[in-house]
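Each chain, letter by letter, is given below.
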Amino acid sequence: NAGVTQTPKFRVLKTGQSMTLLCAQDMNHEYMYWYRQDPGMGLRLIHYSVGEGTTAKGEVPDGYNVSRLKKQNFLLGLESAAPSQTSVYFCASSAANEKLFFGSGTQLSVL
Amino acid sequence: RKEVEQDPGPFNVPEGATVAFNCTYSNSASQSFFWYRQDCRKEPKLLMSVYSSGNEDGRFTAQLNRASQYISLLIRDSKLSDSATYLCVVTFSGAGSYQLTFGKGTKLSVIP
C-alpha cells in the first residue's frame, strides 16, 4: 500500500541550482497536486494536473515547472532555486471531488 | 469574501472539553467537503468526509449547512492527542473547471 510517494525527503540546494521533485501514486488517480507550506502558514497550491499530459497553474506557480508525462507521476521542477523557495513541499493525488491522499513531504532548503 | 475561510485560532481547551470549528465557503455549487488533520511538519491526513446528512465517527461529528454555506467539526471529550491543526477542504467541478480549496486551518491545543 504505497499510496503517494515523494522523493527526496530532504534536500539542500545552493541559490541558482536546479532540482526535480518526484511524486508517484499507485491509486490510478486522475488528479495530482503540488503544494508548498511555509512555517505557520497554510497549504498553497503551486501547480496541479487533472490528467496525463495536462497541467495547470495554482496559486503560487512562479519559479516552478511541472510535467505529467505518465498518469502515475507528477514532477515538480525548480530551474534556478531561490532562498524564497525554502519550504516543505507536499504532493497529493485524488479522484475528482474525492479525498486527497498526501505524500510525506519534502523539506527543501535553499542557501 | 475568501473562497474558504476558517478561524485560525488557536483554540486552547482543557482535556475533556467539547470544541467546535466552522469553515465557510463562498461557492454555493461546491460539491464535496472534507476535514483534514495536520500535525506539525507532517502531511495532512483525512479525518472525515462531510455528508449532507451529517456524519459521526467516534468523538467527531461533521455537519454541512448548504443554506448558510459552512461545514462544522465537533470534537467531544477532547484528548491531548487531538492537538493539531484542522483543515477544511471544499471541491467544485463543472463546465470544464475544477477547484479544490483548503482553508488555512484552525489550530487546536488540548491542555492537561
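The preceding data block contains the structure.
These figures come from a predicted structure and were not determined experimentally. Numbering of residues begins from 1 in every chain and follows the order in which that chain's sequence is written. Numbering of ligands from 1 and lettering of chains from A proceed in the order in which they are written. The predicted origin of the model limits local features to residues at a pLDDT of at least 70 and limits the giving and counting of side-chain atom pairs to 80 or more, whereas totals for whole chains, interfaces and linings rest on all residues. Excluded from the side-chain calculation are hydrogens and water; included are all heavy atoms of the structure.

K.L.:
Whenever I open this one, the overall build of chain B confuses me. Can you help?
P.N.:
Each helix is a run of H or I in the DSSP string that is no shorter than four residues. Each strand is a run of E no shorter than two, and both are numbered from the N terminus. Secondary structure assignment for chain B yields zero helices and eleven strands. Start at the N end of chain B and walk to the C end: the helices and strands fall as β-β-β-β-β-β-β-β-β-β-β. The C-alpha radius of gyration computed for chain B amounts to 14 Å, which stays within 12% of the reference 13 Å derived for 112 residues, consistent with globular compactness. When its C-alpha atoms are laid out on the principal axes, chain B stretches across 50 × 30 × 25 Å. Our radius of gyration looks at C-alpha atoms and nothing else; its globule reference is 2.2 Å times the residue count to the power 0.38.

K.L.:
Can you walk me through the overall build of chain A in this structure?
P.N.:
Across its full length, chain A carries zero helices and eleven strands. Listing the helices and strands of chain A from first to last along the sequence gives β-β-β-β-β-β-β-β-β-β-β. Whereas a compact globule of 111 residues would reach a radius of gyration of roughly 13 Å, chain A reaches 13 Å, a difference of no more than 12%. When the backbone C-alpha atoms are referred to their principal axes, chain A occupies close to 35 × 25 × 25 Å. Accessibility here uses a 1.4 Å probe with only protein chains present; expressed as a share of the type maximum, an area under 20% marks a residue as buried, one over 50% as exposed, and anything in between as partly exposed. When the 111 residues of chain A are sorted by exposure, 49% land in the buried category. We call two residues in contact whenever any of their non-hydrogen atoms come within 4.5 Å of each other. A separation threshold of at least 6 residues defines the contact pool for chain A, and within that pool the share at least 24 residues apart is 53%. Throughout, the Shrake-Rupley method with a 1.4 Å probe supplies accessible areas, and for residues the shown protein chains are the sole cover considered. On chain A, roughly 5300 Å² of surface is accessible, and the fraction owed to carbon and sulfur atoms is 53%. The sign given to each residue is positive for Lys and Arg and negative for Asp and Glu; His and the chain ends receive no count. By convention, charge coordinates are those of NZ in Lys, CZ in Arg, CG in Asp, or CD in Glu. Positive and negative side-chain charges of chain A, numbering 10 and 8 respectively, have mean locations separated by a distance of 7 Å.

K.L.:
Even after reading the chapter, I still don't get the packing of aromatic side chains, so can you show me in this structure?
P.N.:
Note on aromatic pairs: each is described by the distance of the centres and the angle between the planes. Classification of ring pairs uses Phe, Tyr and Trp, with its six-membered ring standing for Trp, and accepts pairs whose centres are within 6.5 Å; under 30 degrees between planes counts as stacked, over 60 as edge-to-face, and the remaining range as tilted. For the coordinates displayed, the defined rule picks out eleven aromatic pairs over all chains. Among the aromatic side chains, those forming a connected cluster through ring pairs are Tyr-33, Tyr-35, Phe-90 and Phe-102 of chain A together with Tyr-36 and Phe-102 of chain B.

K.L.:
What am I meant to see in the state of the cysteines here?
P.N.:
Each disulfide consists of one covalent bond between the sulfur atoms belonging to two cysteines. For this text, the term disulfide refers to a pair of cysteine sulfurs within 2.5 Å. Tallied over the full model, the rule gives two disulfides over all chains. Residue Cys-23 of chain A pairs covalently with Cys-91 of chain A via a disulfide, S to S 1.7 Å. Disulfide Cys-23 of chain A to Cys-91 of chain A: torsion about the S-S bond roughly -75 degrees, handedness left-handed. You can see Cys-23 of chain A sitting in strand β3 (residues 19–25) and its partner Cys-91 of chain A sitting in strand β9 (residues 87–94), a full 68 residues away along the chain. Per residue, the accessibility class of Cys-23 of chain A equals that of Cys-91 of chain A, and both read buried. Through a disulfide, Cys-23 of chain B is tied to Cys-88 of chain B; the S-S separation comes to 1.9 Å. Given an S-S torsion of about 60 degrees, the disulfide between Cys-23 of chain B and Cys-88 of chain B has right-handed geometry. Taken as a pair, Cys-23 of chain B in strand β3 (residues 19–25) and Cys-88 of chain B in strand β9 (residues 84–94) lie far apart in primary sequence, 65 residues in all.

K.L.:
Explanation requested: the pattern of salt bridges in the structure shown.
P.N.:
In what follows, salt bridge is the name for a side-chain nitrogen of Lys or Arg lying within 4 Å of a carboxyl oxygen of Asp or Glu. Evaluated as defined, the whole model comprises seven salt bridges over all chains. Several salt bridges converge on common partners, so that one network encompasses Arg-36, Asp-38 and Arg-44 of chain A.

K.L.:
Explain the side chain of Gln-85 of chain A here, please?
P.N.:
Residues and elements named next belong to chain A. Structurally, Gln-85 is set in the loop between β8 (73–78) and β9. Classification of Gln-85 by relative accessible area gives buried; the value is 6%. Among all residues touching Gln-85, those that are not within four sequence positions of it are Arg-36, Asp-62, Gly-63, Tyr-64, Leu-78, Ser-80, Leu-108 and Val-110.

K.L.:
Is there a simple way to explain the sheet that holds strand β8 (residues 70–75) of chain B in this structure?
P.N.:
Hydrogen bonds between backbone groups are what pair the strands of a sheet, and the pairing can be parallel or antiparallel. All names here are of chain B. One bridge is not enough; two strands pair if DSSP finds at least two bridges between them. As summarised here, the arrangement of the five strands in space is β1-β3-β8-β7-β6, forming an open sheet in which the pairing is antiparallel. Lying at the two open borders of the sheet, with one neighbouring strand each, are β1 (4–6) and β6 (55–57). In this sheet, adjacent strand axes meet at a mean angle of 15 degrees when their direction is disregarded. When β1 meets β3, the two strands line up antiparallel, connected through three bridges. Here an axis means a line fitted to C-alpha atoms, over the contact stretch when the element is a helix, while the angle between two N-to-C directions is reported on a 0 to 180 degree scale.

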